[in-house]
Amino acid sequence: MKNQKPTYIVQVFIFLFNAVLIQAQETIPQVEELLDKMTLEEKIGQLNLLTPGGGVATGSVVSKNVEEKINAGQVGGLFGVSGPERVRVAQELAVNNTRLKIPLLFGSDVIHGYKTTFPIPLGLSSSWDMDLIKKVARISATEATADGINWNFSPMVDIARDPRWGRIAEGAGEDPFLGSAIAKTMVEGYQGEDITDPNTMLACVKHFALYGASEAGRDYHTVDMSRTRMFNQYLPPYKAAIDAGVATVMSSFNDVDGVPASGNKWLLTDLLRERWGFNGMVVSDYTSVNEMIAHGLGDLQQVSALALKAGLDMDMVGEGFLTTLKRSYDEGKVTEPEITNACRRVLEAKHKLGLFEDPYRYLDEKRPKKDILTPENRQSAREIAARSFVLFKNHNQILPLKKDVKIALVGPLADSRNNMLGTWAPTGDTKLAITILEGFKNVVPNAKITYAKGANISNDKELANRVNVFGPRIEIDKKAPEKLLQEAMEAANSADIIVAVVGEATEMSGEAASRTDISIPESQKKMIRELVTTGKPLVLVLMSGRPLTILEEFNMPVSILQVWHPGVEAGNAIADVIFGNYNPSGKLTATWPRNVGQIPIYHSVKNTGRPAPKDKFEKFKSNYLDVENTPLLPFGYGLSYTSFEYSDLVLDKTEIGQNESISATVSLTNVGNYDGEEVVQLYLRDMERSITPPIRELKGFQKVFLKKGESKKVTIKVSAEDLKFYNGNLEFVSEPGDFEVYVGTDSNASLKASFIVK
Ligand code: BGC
């Protein structure tokens, strides 16, 4: 065991250093002058964030009397209001009618595009392409700011290892290394180089913290985890966003170690501000302050005081701050400096945007037409969507399809405009989405296509009612299911090839959309079983907002292309890939289980003291009686129309010091018949640690393009930082010992090399 003393001294030092840093942080004279003039009530007013309900209201509460409250100086910002004209009306109320003329912030959830909707974030992450992801964030920011928005409630960086949780759709999957790279990229994309530039906006990293680890995958449920898991697996993407300079943070709904995030001082102050040095603004999630009453932490006055004292600055929708902080102050339960500090951070956020110089900076009425939904943006959406698809199986190499074939295009998602955009696209317009039927007609005008719906997404009326909150997603046809199926079979029988578009409706994933059975709904399974009996080539185009359990379909003689919910250009992008205009290159960022009982399942598992032998059951080992430990599809998995061969893995060193980096080089050859892209992945195994290490951890990747027949040497560097982990004292250290390096096409990569850290 290590000596604890130096550790303690180092921690005290870090604490004091950070405290001095925070004190010494430059205050902004303009903000300080304003604070000096403000009454306590005016300061409290700035902490209030409301939504008039124009956007998606995700709680049961929608703000009332918004205009009166703005006029009374009781509002710091709004969300769900968009369009320069509408935003201007609200901004003018604040600027013209309040004593100190403090402008409002205007927020929105621009999660995967503003009006130009891109694939859902889980799909985007499957591109493993940081340039593309940055482009998505840049286009999103340009379009949103053109519409008057200056604050984005994105990126959502919650690590998720439970596909029952519907919000897995909104993030980058299960891995902290990839998740951190994406978090950084998105923050840089939204905030740009200069935040006062009117096509950049404040980013808001969410949901701090651990929201993706809710028990049993049920949304808003309890979270409880060890600090070492938290620091090593779940916190890195939030920290990466902070290190990239994210302006704001949103606290999550869940509890962290027994205290809900919005009232958790350890989380919002000790960790976020003191340890990580964050000095921006923290906003609650939708009514999450009030929800601490239901969590069992007291009445509204108590939980609001708790939140303020914990380090929360802005209260989203719940108005606990607005209605109770003054009373708490009068009763000595909160202090003036606590209120002032929160207000300072809200004002500093406004200052960052340049709103004090010009409250109407984002309100150029000419911009929407010029910047939103441009043909270039739609073209980007099409290209990016194609790069998010993951090829699971290519039976008899049937894909890509020839362009002049006779196709039966069937399935409830083949011509369903309402289901193309995906969850959390409140600013998108379903009417603009291209369906697969339309995409096929655009891309292969000479093909003979017969369409039939074939099945309802689900025949379950109750499920349809629950899913259809934002519009008709599951539409149960007037025709009987037998009739629908018969039409699909007729189409199939008269075609050469069947393409069936199946899976989840848009709102079957996302917020408050957890499922315990994550298979393709039975109505569609039935159709697939029937289609297979024709013996004709069958391509399943699979849509979903999460990993599904598809063991049955995977074992059929079919090809499978996973397309998530692809966004506004869905049909065109799918047709581009199916007909070979683009060779798929996506790789899974969340593991696909064999069955629900394996969940949580993820690639960076630990070994246990009784590891199960490969490919066979053994009593008293860590395995199941009824299913093997491996997933159906591992993290990093994804095929191409071509094939890549890996060879000659070499390291530049075999021994390094603790602060040195190491590089791995591998030869990659495109041995197939198509040009294509491959995501080369590097995994590390730390053979010995003071706390149990995962068997493998992703520590590097590179996306490379190879023409057919081409070979390239690919070098991936592992920095000294990448060898570090948080030990039992939560210090970020590297420890001497042996390491193994694996490089290959997915997390089962088998090319191996080793080195020693001295
Ligand atoms: C969600 C957040 C979102 C907020 C505002 C909440 O229900 O959890 O992700 O930013 O609503 O729309």
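Residues numbered from 1 in each chain as written. Predicted model: local features only at pLDDT ≥ 70, side-chain atom pairs only at ≥ 80, totals over all residues. Heavy atoms only, no water.

As annotated in an unreviewed UniProt entry, the chain is Periplasmic beta-glucosidase from Flagellimonas maritima. According to UniProt, the comment filed for the chain under the heading Sequence similarities (unreviewed entry) is "Belongs to the glycosyl hydrolase 3 family." Regarding the chain, the UniProt comment filed under Subcellular location (unreviewed entry) reads as follows: "Periplasm". (UniProt positions renumbered as here; feature names shortened; annotations may be inferred.)

A. Up close: unusual backbone geometry. Between Ser154 and the following residue, Pro155, the backbone shows a cis peptide bond with an omega angle of 10°. Relative to the helices and strands, Pro155 is located in the loop between β4 (151-152) and α8 (176-191). Note that the residue after Phe208, namely Ala209, is joined by a cis bond; omega there is 5°. By the secondary structure assignment, Ala209 is in the loop between β5 (202-208) and α9 (227-234). One non-glycine residue, Lys101, lies in the positive phi region at around 55°. With respect to the helices and strands, the residue Lys101 is situated in the loop between α5 (84-97) and β3 (105-108). (Helix = DSSP H or I, 4+ residues; strand = E, 2+ residues; numbered from the N terminus.)

B. Just the packing of helix α2 (residues 29-37) against helix α15 (residues 336-352), in detail. Look at α2 against α15: their axes get within 10 Å of each other, and the N-to-C directions meet at 135°. Taken together, α2 and α15 sit at an angle that is classed as oblique. Between α2 and α15 the crossing geometry is right-handed. Where α2 approaches α15, its residues Gln30, Val31, Glu32, Leu34 and Leu35 are matched on the opposing element by Thr340, Cys343, Arg344, Leu347, Glu348 and His351. Partitioned by chemical class, the residues of the contact of α2 with α15 number five nonpolar, three polar and three charged. (Axes fitted to C-alpha atoms, helices over the stretch in contact; angles between N-to-C directions. Parallel < 35°, antiparallel > 145°, perpendicular 65-115°, else oblique. Left-handed = near helix turned anticlockwise from the far one by under 90°. Contact = heavy atoms within 4.5 Å. Nonpolar A, V, L, I, M, F, W, Y, C, P; charged D, E, K, R; others polar.)

C. Focus on the nonpolar core. Counting 159 residues, the largest nonpolar core has Leu78, Trp151, Phe208, Leu235, Phe392 and Ile550 as its most contacted members. Those residues in contact with Leu78 that lie beyond four places of it in its chain are Leu49, Leu50, Val66, Ile70, Ala90, Leu104, Leu105, Phe106 and Gly107. Counting residues in each nonpolar core, the second largest holds 52 residues, with Ala385, Leu561, Ala570 and Ala575 among its members. (Core = buried A, V, L, I, M, F, W, Y, C linked by side-chain atoms within 4.5 Å. Buried < 20%, exposed > 50% of the residue type's maximum accessible area, 1.4 Å probe, protein only.)

D. How the structure looks around the packing of aromatic side chains. In this structure the tally under the stated criterion is 20 aromatic pairs. Aromatic side chains Trp564 and Trp592 sit 6.3 Å apart centroid to centroid with 65° between the ring planes, which places their arrangement in the edge-to-face category. Pair noted here: Trp564 is in the loop between β16 (559-562) and α23 (570-578) and Trp592 is in the loop between α23 and β17 (644-651), with a separation of 28 residues, a long-range link. A relative accessible area of 1% places Trp564 in the buried class. Through successive ring pairs, a cluster of aromatic residues spans Phe79, Trp151, Phe153 and Tyr286. Seen from the ring of Phe620, Lys619 lies directly overhead, with NZ or CZ sitting 5.6 Å from the centre. (Phe/Tyr/Trp six-rings, centres within 6.5 Å; stacked < 30°, edge-to-face > 60°. Lys NZ or Arg CZ within 6 Å of the ring centre and 35° of its normal.)

E. The arrangement of the sheet that holds β3 in detail. The sheet built from eight strands is open, its strands ordered β9-β6-β5-β4-β3-β2-β1-β10 with parallel pairing. Because the sheet does not close on itself, it has two edges, and the strands there are β9 (281-283) and β10 (315-316). For β5 and strand β6 (residues 248-251), the ladder comprises three bridges, and the chain directions are parallel. Looking at the pairing, Val205 lines up with Val249 of β6. Along the sheet, helix α10 (residues 236-243) makes contact with β5 and β6, crossing β5 at roughly 160°. (Pairing = 2+ DSSP bridges.)

F. Here's a closer look at the confidence of the model for the chain. The predicted model of the chain has a mean per-residue pLDDT of 95, with 96% of residues at 70 or higher. Overall, residues 1-6 carries pLDDT values under 50, and its contacts beyond four positions in sequence, including any with other chains, amount to two contacts. (pLDDT = per-residue confidence, 0-100.)

G. Examining helix α17 (residues 375-386) more closely. Along its twelve residues, α17 runs 17 Å from first to last C-alpha, staying within 8% of the 16 Å computed at 1.5 Å per residue. If you check which residues of α17 are buried, you get Asn377, Arg378, Ser380, Ala381, Arg382, Ile384, Ala385 and Ala386. In the core, the buried residues of α17 are packed alongside α6 (121-125), α7 (130-146), α16 (367-371), α18 (436-443) and α23. (Expected span 1.5 Å × (residues − 1).)

H. Local environment of the packing of α9 against helix α11 (residues 265-275). At a minimum axis distance of 15 Å, the contact between α9 and α11 shows a crossing angle of 55°. When the axis of α9 is compared with that of α11, the two are oblique. Of the two possible hands of crossing, α9 and α11 adopt the one that is right-handed. Residues Arg227, Met230 and Phe231 of α9 touch α11, and the partners they reach there are Trp266, Leu271 and Arg275. Tallied by class, the residues present in the contact of α9 with α11 amount to four nonpolar, no polar and two charged.

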